[in-house]
Amino acid sequence: RLYWVHRRGEAIAYPIAVPREQSRWQGMTSVSNKAVNPAWTPTATMRRENPKLPVHLAGGHPMNPLGVRALYLGSSMYRIHGTDAPWTIGEAISKGCIRMYNEDVLDLYPRVPVGTRVTVTWRKFTG
């Protein structure tokens, strides 16, 4: 889950897809940029793993894996973003990014200003 803590003791929870085991990371960062209909360029590693991937997909393309919005995390290539594959939500499947349903990232996007602190942890929260 992704939790948008908007006030002390109050949060909105969103279901997400998380990185696969070999791509997991954790720590503190911040939202460094935001994009509407972000373009996507797969990394060289991604293209080696799957040579059928395009060199680039324009924002708004229905097969763009970043979906309709992206929040960029620090100086990394990682993002919190929508998805073109909603069936992956709830899975450990990404290459390091945090995927959300497009309707959820549309809800979250205007709430989160650039500079917002982000904590990524593998601890489970209950309640």
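Residues numbered from 1 in each chain as written. Predicted model: local features only at pLDDT ≥ 70, side-chain atom pairs only at ≥ 80, totals over all residues. Heavy atoms only, no water.

Student: So, the overall build of the protein chain: which residues are in play, and what are the values?
Tutor: Across its full length, the protein chain holds two helices and nine strands. Along the three orthogonal principal directions, the C-alpha set of the protein chain runs to about 45 × 30 × 30 Å. When the 127 residues of the protein chain are sorted by exposure, 39% land in the buried category. Seen as two clouds, the 17 positive and the 8 negative side-chain charges of the protein chain have centres 6 Å apart. (Helix = DSSP H or I, 4+ residues; strand = E, 2+ residues; numbered from the N terminus. Buried < 20%, exposed > 50% of the residue type's maximum accessible area, 1.4 Å probe, protein only. Lys, Arg positive; Asp, Glu negative; His and termini not counted. Charge placed at Lys NZ, Arg CZ, Asp CG, Glu CD.)

Student: Can you tell me about the layout of surface pockets, naming the residues and giving the values?
Tutor: Roughly 1,100 Å³ of internal volume is contained in the largest pocket. Around the largest pocket, the lining comprises 29 residues; the ones closest to its centre are Arg1, Leu2, Tyr3, Thr119 and Thr121. Of all elements in the fold, only strand 1 (2-7), strand 3 (16-19) and strand 9 (117-120) reach the threshold of two or more residues within the lining of the largest pocket. By residue class, the composition of the lining of the largest pocket is 20 nonpolar, five polar and four charged. Empty space within the second largest pocket amounts to approximately 650 Å³. Surrounding the second largest pocket, 24 residues form its lining, Trp40, Met46, Pro65, Lys95 and Arg99 being those nearest its centre. Of the residues assigned to the lining of the second largest pocket, the class counts are 12 nonpolar, seven polar and five charged. (1 Å grid on protein atoms, 1.4 Å probe; cavity = no way out; pocket = protein on both sides within 12 Å on 5 of 7 lines; lining within 4 Å. Points joined across faces, edges and corners; volume = space filled by probe spheres on them. Nonpolar A, V, L, I, M, F, W, Y, C, P; charged D, E, K, R; others polar.)

Student: So, the pairing of strand 9: which residues are in play, and what are the values?
Tutor: Of the two faces of strand 9, the one lined by Val118 and Val120 is fully buried and the one lined by Arg117 and Thr119 carries no buried residue. Two elements, strand 4 (residues 27-36) and strand 9, share four bridges in a ladder whose sense is antiparallel. Paired with serine 30 across the two strands is arginine 117, which belongs to strand 9. (Pairing = 2+ DSSP bridges.)

Student: How would you summarise the sheet that holds strand 7 (residues 92-94) if you had to cite specific residues and measurements?
Tutor: The pairing of strands in a sheet comes from backbone hydrogen bonds and takes either a parallel or an antiparallel form. The sheet built from seven strands is open, its strands ordered 7-3-8-6-5-4-9 with mixed pairing. One side of each edge strand has no neighbouring strand; the edge strands of this open sheet are strand 7 and strand 9. Strand-to-strand twist of the sheet, defined as the mean angle between neighbouring strand axes without regard to direction, takes the value 35 degrees. Two strands pair when backbone bridges link them, and strand 4 and strand 5 (residues 69-73) are joined in this way by five bridges, in the antiparallel orientation. (Axes fitted to C-alpha atoms, helices over the stretch in contact; angles between N-to-C directions.)

Student: Any chance you could break down the packing of aromatic side chains for me, citing the residues and the numbers?
Tutor: By the definition in use, this model includes one aromatic pair. For the pair tryptophan 25 and tyrosine 78, a centre-to-centre distance of 5.2 Å together with 5 degrees between the ring planes defines the contact as stacked. Placement of tryptophan 25 in the loop between strand 3 and strand 4 and of tyrosine 78 in the loop between strand 5 and strand 6 (79-81) is noted, with a sequence separation of 53 residues between them. Positioned above the aromatic ring of tryptophan 122 is the side chain of arginine 24, whose terminal nitrogen or guanidinium carbon lies 4.0 Å from the ring centre. Cation over ring: lysine 34 sits above tyrosine 109, and NZ or CZ is 4.3 Å from the ring centre. (Phe/Tyr/Trp six-rings, centres within 6.5 Å; stacked < 30°, edge-to-face > 60°. Lys NZ or Arg CZ within 6 Å of the ring centre and 35° of its normal.)

Student: Describe the nonpolar core, and please don't skip the residues or the numbers.
Tutor: Counting residues in each nonpolar core, the largest one holds 18 residues, and the members touching the most others are Leu2, Leu71, Ile80, Met100 and Leu108. Going through the elements one at a time, strand 1, strand 3, strand 5, strand 8 (98-100), helix 2 (102-108) and strand 9 are the ones with two or more residues in this core. For leucine 71, the contacting residues outside a window of four places in its chain are Val31, Asn33, Lys34, Tyr78, Arg79, Ile80, Val105, Leu108, Tyr109 and Val112. (Core = buried A, V, L, I, M, F, W, Y, C linked by side-chain atoms within 4.5 Å. Contact = heavy atoms within 4.5 Å.)

Student: Before we move on, can you summarise the pattern of salt bridges with the specific residues and values?
Tutor: Using the criterion set out here, one finds four salt bridges in the structure. Glutamate 10 is the salt-bridge partner of arginine 7, the closest N and O atoms lying 3.5 Å from each other. Overall, glutamate 10 belongs to the partly exposed group, its relative accessible area being 33%. Residue glutamate 49 is joined to arginine 20 by a salt bridge in which the shortest nitrogen-to-oxygen separation is 3.5 Å. Of the two residues, glutamate 49 is situated in helix 1 (residues 44-49) and arginine 20 in the loop between strand 3 and strand 4; the sequence distance between them amounts to 29 residues. Judged by relative accessible area, which is 45%, glutamate 49 ranks as partly exposed. Bridged by salt links that share partners, the residues Arg20, Glu49 and Lys95 form one connected network. (Salt bridge = Lys/Arg side-chain N within 4 Å of Asp/Glu carboxyl O.)

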